[in-house]
Structures are given as C-alpha cells and as structure tokens.
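The lines below spell out each chain.
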Amino acid sequence: MSENSNRVDVGIVGAGPAGLMTALLLKRRGISAAVVERRSHAEIHRTQRAGILEAPTVDMLVDADVDSRVLTAGHEHEGTVLSFDGVQHRIDFQKLVGRSVWLYPQNEVFHDLATAWIREGGQIHWSVTDVEVHGVDSHEPRITFFDADGKPGQIDAELIVGADGSRSMCRRLIPEDVRTDYFTSYPFAWFGILCEAPPTAPELIYANSEVGFALISQRNASVQRMYFQCDPDTDPEDWSEQAIFDHIQHVLGGPEAVALKRGPIIEKTVLPFRSYVCDPMTYGRLALAGDAAHTVPPTGAKGLNLAFSDVRALVPRVEEFINGVKEASGTMSPVPVSTEPLQRYSRTALDRVWKAQNFSYWVTNLLHRQPDEGEFAQRRRRGEFDAITGSVHGQAYFADSYTGWSTS
Ligand code: DHB
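Here goes a summary of the coordinates provided. Please read these numbers as outputs of a predicted model, since none were measured by experiment.

## Details of the overall build of the protein chain
- When you go through the protein chain residue by residue, the secondary structure sums to eleven helices and 23 strands.
- A compact globule built from 408 residues would reach a C-alpha radius of gyration of about 22 Å, and the protein chain, at 22 Å, matches this within 12%.
- Expressed along its principal axes, the backbone C-alpha trace of the protein chain runs to roughly 75 × 45 × 40 Å.
- By the burial criterion, 56% of the 408 residues in the protein chain qualify as buried.
- Long-range contacts, defined here as pairs at least 24 residues apart, represent 73% of the contacts in the protein chain between residues at least 6 apart.
- For the protein chain, the exposed area adds up to about 17100 Å²; of that, 51% sits on carbon and sulfur atoms.
- For the protein chain, the separation between the mean place of its 39 positive charges and that of its 54 negative charges on side chains is 2 Å.

As structure tokens, this is what we get:
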C-alpha cells in the first residue's frame, strides 16, 4: 500500500464541474468521495469554455452552498438577440417562459467548486498521470495513478464516477458490445476570440448572414468573447485582428446594424464541433457524467448545463446505491448489491441529453451556413428563422430550450 492509498465511498475521475459538483453534493449527503485530475488547478482555471448558465444550473450552484459568485459577479440576461442578414429580433425569455440565463464563465464555476471542495477538506489529487480504473465489473472498483510527485496512488471505492471529459478514458471501460456510440460531425468549426473591449450590446447576439454565423458574447465590463463560423482546418494565426473584426461586423450586417466594439485580441482558438452520446452512461460500478458521456456543438451553450443536469440525476441514485452497499455489508452473508439505481440514472439523464442534443443540433443548423449551401437551402433556413422569430410560439420554443426547460 502506498501513502496515497485510501478508501472512500465514491472515486471520481475528473475535477471539471461535473466531477466536483458530484463530490460536493455527495458530501452533503454524508457520502465520501475522492477526486483525481490529470490537469493542474491553474490550467483548468485559465481554459476558456462557454459562458451561459441555464436557470436550473444557477439554482444548483446556489443550493449547493459553495459560496459561488454567480449571483454577484455573474450577469442575468433576460433575453437574447437573434439576427439574420442584419435584421435583429429580441427573444424575451422572462416574458415568454419566466426564466433568465446567467452569463458566468465555466472556468469561474470550476473555480467556485474547486475552492469549496478544498476549503471543506475534500480529497483531490491534481496533475496526476497514468490514471487507470480497475474492477468496475467487480464489487471492488479502484483508481490507480501517479501523483504530481511521481508517487503511486490508489483509491478504493464502492463506485467510480467517470467525469473525465470528452476524451474520456472511463467511457472505454463500457464494453463495446454493451455500449452504443451515437455520433455526428459538422463541416465547420468556431473561431473564438477574447478581446479587451466593453460589451458591444447588453445581451448576446447570435447572428447569421450569407458568410455564416457569428456570436457576440461577453466576459466582463472590459473583455468580450466572440466566435465566428470557420473551416475546421483554419489556422488562427492566418487571421489578423482587423480581418477578424471586419468579418464579424459583416455578419452583423454592417456598423449601421450594430457597431462592434473592437479592442486588442488576447486569445484566438479554433473549436471543433461534434455531437456524441454514449448509451448507457453506466456499466457495473461505473457511472459517467458530463462530457465523458456526451458532447454537443457549442451553439446554445448546453455543455456545462447538461453536465449539471447529469449530476442532479446522479447524486440521489448514488446515494441509493451506496445505502444498498452499506446495508449488504451489515448482513451475515453478503448479498450482491443491485446496480439498478445507476441504470435508472442513465435513463433519466439520457432523456435530457437527447433534448439538448436536439436543441444544439437544430440551432447550429439554423444559424450556420453549410459549405455547399445552395439558394434553396439558404431561403429555407430564412423561412425557419422567420417562423421562430415571427411568432410568440416559435419564440417560446427557443426560450424554453435555451433557458433549460423545467426540471420538475
Ligand atoms: C458562449 C458560448 C456559447 O456557445 C454560447 O452559445 C453562448 C455564449 C460564451 O462563451 O460566452
């Protein structure tokens, strides 16, 4: 046994929002957890991800009692703007469905959760290497790894949660003859920038024109986040600052439509697009959560929100499973512990995953130009856009999906 060896109820692979939120909510229910993470705290904190939190996600952060700054540093958005060929339409979320979203970047969500977990004395191993999960089809699953100093470590648990992101190692522990991988790809990507300038507009603008899609988002009073549709093979260095802003301005419909606030670009990245679902999200004593089980294209910012909805479904089922383990260990002749609660988790989570897959796919195809798009396809998209923006029912469909449906 090494000095890093120990026993907990739940071993968690991955300290992104899914892994940390699971760890914290389990602790609230008296269930112990330990987390291992390949990256360092600093590396995750500086990685830009999406910035929009659905109402149910904000509720979870607030209810988790982690001192999140979402309500103080985040910004409530009661609506968003959809723009087609320079003509803008506001979708009033509050009026349509009585909910808002919050602009609060994912790396800040991570920071809140990591700070709370550490403050509360939670076990976490950052910058680990050679993480392996063993025995998920036995009653003694465990995680082995080398810690940041190169010392071997081991976590023995009753259950493993795989929250290790879109290139998940845990997912591959579900045998191929048990697992169905649903997948689709897209012929475009997003070019994302951060620039030092105040917000262009009070709310986000999702814009579409004959040269494709652009999104004007925000980070704070002096930094903006923007994206535009590009070829997946684009080299960010091929685009000058001027060319980037001119292109986005063109998608917005020229400065008469909205005058883009420009400023020094401090980050440029190309984000790939894919849609993926792993079904089931559990196998034996392994349960997947977040990007490990599914990825969505970024349009509509469903990724983090889906990770949180997984956790919301997962935590009570883990509690049920761990209670079963504890009851069985108190009996004279141990009985096999049913993993049925975990299968129920998978079914519940997948219902919402497919709703979000549909929304992300639909809004992506509504607002992006296909590389080989003809006049008919372009006009048809315009018709679809008008059907959404031109009717209170269409607007309500968008608002209901974007703000995160009701969870009851
Ligand atoms: C952001 C990203 C998104 O994908 C989106 O739909 C909205 C906002 C963002 O990074 O701010």
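## Let's talk about the site of the ligand
- Around the ligand lies a shell of 16 residues, among which Tyr-206, Ser-217, Arg-219, Tyr-227 and Pro-298 are the nearest.
- Side-chain polar atom of Arg-219 to an oxygen atom of the ligand: 2.8 Å apart, as the coordinates give it.
- Taking Ala-301, its main chain carries an N or O atom lying 3.2 Å from an oxygen atom of the ligand.
- In isolation the ligand has 290 Å² of accessible area, and contact with the protein removes 99% of it.
- Elements with a contribution of two residues or more to the shell around the ligand: β17 (212–220) and β18 (223–230).
- Considering each element in turn, the shell around the ligand owes the most residues, three residues, to β17.
- Split by residue class, the shell around the ligand holds nine nonpolar, four polar and three charged.

## Thoughts on the nonpolar core
- Core analysis: the largest hydrophobic core is formed by 106 residues, its most contacted members being Val-10, Leu-53, Leu-113, Ile-143, Phe-398 and Tyr-402.
- When residues of this core are assigned to their parent elements, the largest contribution, twelve residues, is made by helix α8 (residues 303–329).
- For Ile-143, the residues in contact, after removing those within four places along its chain, are Gly-11, Ile-12, Val-13, Val-36, Val-131, Glu-132, Val-133, Gly-153, Gln-154, Ile-155 and Ile-160.
- One finds Ala-189, Phe-191, Ala-201 and Leu-260 within the second-largest nonpolar core, a separate group that totals 22 residues.

## With respect to a negative patch on the surface
- Residues Asp-59, Asp-63, Asp-65 and Asp-67 make up a contiguous surface patch of negative charge.
- Looking at the secondary structure, you find Asp-63 in helix α3 (residues 55–63).
- Exposure remark for Asp-63: the relative accessible area of 63% places this residue in the exposed category.

## With respect to the sheet that holds strand β7 (residues 87–92)
- In spatial order, the strands read β7-β6-β16-β17-β18-β15-β19; together these seven strands make up an open sheet with mixed pairing. In this open sheet, the two strands that pair with only one neighbour each are β7 and β19 (265–271). Here the average twist between neighbouring strands, direction ignored, is 15°.
- Where strand β16 (residues 205–209) meets β17, five bridges bridge the pair, whose relative direction is antiparallel. Note on β17: the bridge partner recorded for Ala-207 is Ala-214.

## Quick notes on helix α11 (residues 392–402)
- Of the positions making up α11, those classed as buried are Gly-394, Gln-395, Phe-398, Ala-399, Ser-401 and Tyr-402.
- The N-cap of α11, judged by a side-chain oxygen 3.0 Å from the amide nitrogen of His-393 a few residues on, is Ser-391.
- Positioned one or two residues after α11, Gly-404 has a phi angle of 105°, which is positive.

## Some words on the packing of aromatic side chains
- One pass over the full model with this rule turns up 21 aromatic pairs.
- Ring plane angle 80° and centroid distance 6.0 Å describe the contact between Phe-110 and Trp-126, whose orientation is recorded as edge-to-face. Here Phe-110, found in helix α6 (residues 106–119), pairs with Trp-126, found in the loop between β9 (123–125) and β10 (129–134); they are 16 residues apart in sequence, far enough to count as distant.
- Of the residues examined, Phe-110 reaches a relative accessible area of 1% and is grouped as buried.
- The class for Trp-126 is buried, based on a relative accessible area of 18%.
- The ring of Tyr-402 carries the charged tip of Lys-302 above its face, separated from the ring centre by 5.9 Å.
- We note Lys-302 situated over the ring of Trp-405; from NZ or CZ to the ring centre the distance is 5.3 Å.

Calculation criteria
Residues numbered from 1 in each chain as written. Predicted model: local features only at pLDDT ≥ 70, side-chain atom pairs only at ≥ 80, totals over all residues. Heavy atoms only, no water. Helix = DSSP H or I, 4+ residues; strand = E, 2+ residues; numbered from the N terminus. Rg over C-alpha atoms; globule rule 2.2 N^0.38 Å. Buried < 20%, exposed > 50% of the residue type's maximum accessible area, 1.4 Å probe, protein only. Contact = heavy atoms within 4.5 Å. Areas by Shrake-Rupley, 256 points an atom, 1.4 Å probe, with all protein chains shown as cover. Lys, Arg positive; Asp, Glu negative; His and termini not counted. Charge placed at Lys NZ, Arg CZ, Asp CG, Glu CD. Near = heavy atom within 4 Å. Polar contact = N/O pair within 3.5 Å; in protein donor to acceptor, adjacent residues only side chain to side chain. Nonpolar A, V, L, I, M, F, W, Y, C, P; charged D, E, K, R; others polar. Core = buried A, V, L, I, M, F, W, Y, C linked by side-chain atoms within 4.5 Å. Patch = residues over 30% accessible without salt bridge, like charges linked within 9 Å, V, L, I, M, F, W, Y side chains within 5 Å. Salt bridge = Lys/Arg side-chain N within 4 Å of Asp/Glu carboxyl O. Pairing = 2+ DSSP bridges. Axes fitted to C-alpha atoms, helices over the stretch in contact; angles between N-to-C directions. Phe/Tyr/Trp six-rings, centres within 6.5 Å; stacked < 30°, edge-to-face > 60°. Lys NZ or Arg CZ within 6 Å of the ring centre and 35° of its normal.

The values are spatial; any link to function lies outside them.
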